[in-house]
Amino acid sequence: MKPLKSRSYNIRKYGLKLSIAEIQAAMNDGLGVNQQDMDGCTLLHYACEDKQNRYNRLPVITFLLEKGADPHLRSNSIHGKGKGPSPIELAENSGRMDLVALMQRGH
């Protein structure tokens, strides 16, 4: 197993706009499926942010869940670390009940 490189990733860009292949390549290079950015958001948080389905994140969300993404992991908020919304709450607040059902099945 090759050692993981210490690298910074734009988690928002990877979660919201990039393909499964690009995310997998970054994961192979050291990006953790539940790695949080400075706002406490993960790839899954940003993938669930696509409420108009502009970027078709359903396949990405499915992939992330298969890789062990935690739909209940809370982001940060103005109220403090770990008190922000989880990915499942973001999907629910956006009316994306299809995503909520998908995340509930996996956990």
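Up top is the structure these notes are about.
Here the structure is a predicted model, which means the values were calculated and not measured.

(A) Broad picture of the packing of aromatic side chains. Scanning the entire structure with this criterion turns up one aromatic pair. Ring plane angle 85° and centroid distance 5.7 Å describe the contact between Tyr-9 and Tyr-14, whose orientation is recorded as edge-to-face. With respect to burial, Tyr-9 and Tyr-14 carry one shared label: buried.

(B) Representation of the nonpolar core in the model. By size, the foremost hydrophobic cluster in this structure holds 28 residues, and its most contacted members are Tyr-14, Ile-23, Leu-31, Leu-44, Ile-61, Leu-64 and Met-103. Only helix H1 (11–16), helix H2 (20–28), helix H3 (43–47), helix H4 (58–66), helix H5 (87–93) and helix H6 (97–106) provide two or more residues apiece to this core. Looking at this core element by element, the count peaks at five residues for H4. Aside from chain neighbours lying at most four places away, what touches Tyr-14 is Tyr-9, Glu-22, Ile-23, Ala-26, Leu-31, Leu-43 and Arg-57.

(C) Main features of H2. For H2, the full list of buried residues reads Ile-23, Ala-26 and Met-27. The arc that holds every buried residue of H2, seen down its axis, measures 100°, which confines them to one face. The secondary structure elements touched by the buried residues of H2 are H1, H3 and H4.

(D) The arrangement of H4 in detail. Residues of H4 that are buried: Val-60, Ile-61, Phe-63, Leu-64 and Leu-65. Positive backbone phi, at 105°, marks Gly-68, one or two positions downstream of H4.

(E) Representation of the environment of Ile-11. Mapped onto the elements of the fold, Ile-11 is located in helix H1. A sequence separation of 33 residues divides Ile-11 from Leu-44, and the C-alpha atoms of the two residues are 9.4 Å apart. Beyond its immediate stretch of four places on either side in the chain, Ile-11 contacts Leu-31, Gln-35, Gln-36, Asp-37, Cys-41, Thr-42, Leu-43 and Tyr-46.

(F) Main features of the side chain of Thr-42. Position of Thr-42 among the secondary structure elements: in the loop between H2 and H3. Its relative accessible area of 0% is what places Thr-42 among the buried residues. A polar contact is formed between the side chain of Thr-42 and the side chain of His-45, at a distance of 2.9 Å. When near neighbours in sequence (up to four residues on either side) are disregarded, Thr-42 contacts Ile-11, Val-33, Asn-34, Gln-35, Gln-36, Leu-73 and Pro-87.

Each value, and the rule that gives it
Residues numbered from 1 in each chain as written. Predicted model: local features only at pLDDT ≥ 70, side-chain atom pairs only at ≥ 80, totals over all residues. Heavy atoms only, no water. Phe/Tyr/Trp six-rings, centres within 6.5 Å; stacked < 30°, edge-to-face > 60°. Buried < 20%, exposed > 50% of the residue type's maximum accessible area, 1.4 Å probe, protein only. Core = buried A, V, L, I, M, F, W, Y, C linked by side-chain atoms within 4.5 Å. Helix = DSSP H or I, 4+ residues; strand = E, 2+ residues; numbered from the N terminus. Contact = heavy atoms within 4.5 Å. Arc of directions from axis to C-beta. Polar contact = N/O pair within 3.5 Å; in protein donor to acceptor, adjacent residues only side chain to side chain.

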